[in-house]
Amino acid sequence: KNEVEQSPQNLTAQEGEFITINCSYSVGISALHWLQQHPGGGIVSLFMLSSGKKKHGRLIATINIQEKHSSLHITASHPRDSAVYICAVRDYGQNFVFGPGTRLSVLP
Amino acid sequence: DSGVTQTPKHLITATGQRVTLRCSPRSGDLSVYWYQQSLDQGLQFLIHYYNGEERAKGNILERFSAQQFPDLHSELNLSSLELGDSALYFCASVRGATNNEQFFGPGTRLTVL
């Protein structure tokens, strides 16, 4: 079993739809990161969470430490949101473990 | 533009060779992380340096080594290269030592033939 799992693996949505990507992990963590990787390969950090909820524009990230689960929500999705979204956790040994990513395509 | 630079952008070399990848962090950032992204294994954490000192090691092979210099740039050295080392290598910089937002460089694409 992988330490960090994401669902779904692939997601196709219509422009304007509300999108949820889930991340579950099995280790104790000091922080969880959501990353966005564009088709060209560049990686952007979206959120770093250790508890609760954060919001940046149309993006919302939540984490439930007890359930070892995090969600990334995108409201009013747009074709420019098409990317791979990666969940990464930092364990207490200061190592990062990455999920396999969720490939999102938003169609106009 | 994240403010993190990596050179070279692309590198093609042969098995058995040695290469050096360079990363310059954002101005004022003291931490540099190195990651490897291959098609079959996804993103993997290699190593973390903070202000010149090694802080954490991940899945870094013994053939690989890294260092962070007094001007805070970092180099990742890969030796005795194998076909399986072909990957994208990213570095990321962070203001402090631990849990802060990471700023990723554009990556170096290494192809081992």
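Residues numbered from 1 in each chain as written. Chains lettered and ligands numbered in written order. Predicted model: local features only at pLDDT ≥ 70, side-chain atom pairs only at ≥ 80, totals over all residues. Heavy atoms only, no water.

**A few points about the environment of T111 of chain B**
Residues and elements named next belong to chain B.
Then step 1. Mapped onto the elements of the fold, T111 is located in strand β11 (residues 108-112).
Then step 2. Separated by 27 residues in the primary sequence, T111 and G84 place their C-alpha atoms 9.2 Å from one another.
Then step 3. In this structure, T111 is in contact with L11, I12, T13 and S86, ignoring residues within four places of it in sequence. (Helix = DSSP H or I, 4+ residues; strand = E, 2+ residues; numbered from the N terminus. Contact = heavy atoms within 4.5 Å.)

**What about the state of the cysteines?**
Residue and element names in this part refer to chain A.
Then step 1. Within this structure, the stated rule accounts for 2 disulfides over all chains.
Then step 2. Bridging C23 to C87, the disulfide has an S-S length of 1.9 Å. Its torsion about the S-S bond being -60°, the disulfide of C23 and C87 is classed as left-handed. Separated by 64 residues along the polypeptide, C23 in strand β3 (residues 19-25) and C87 in strand β9 (residues 83-91) bring together distant segments of the chain. (Disulfide = S-S within 2.5 Å.)

**A look at the sheet that holds strand β3 (residues 19-24) of chain B**
Note: strands within a sheet are paired through backbone hydrogen bonds, in either parallel or antiparallel orientation.
Residues and elements named next belong to chain B.
Then step 1. Within the open sheet, the 4 strands sit side by side as β1-β3-β8-β7. Their pairing is antiparallel. The open sheet terminates on both sides in strands that have one partner only, identified here as β1 (5-7) and β7 (64-68). Neighbour-to-neighbour, the strand axes of this sheet turn through a mean angle of 15°, independent of strand direction.
Then step 2. Examined bridge by bridge, β1 and β3 share 3 bridges and lie antiparallel to one another. For T7, the partnering residue across the bridge sits in β3 and is R22. (Pairing = 2+ DSSP bridges. Axes fitted to C-alpha atoms, helices over the stretch in contact; angles between N-to-C directions.)

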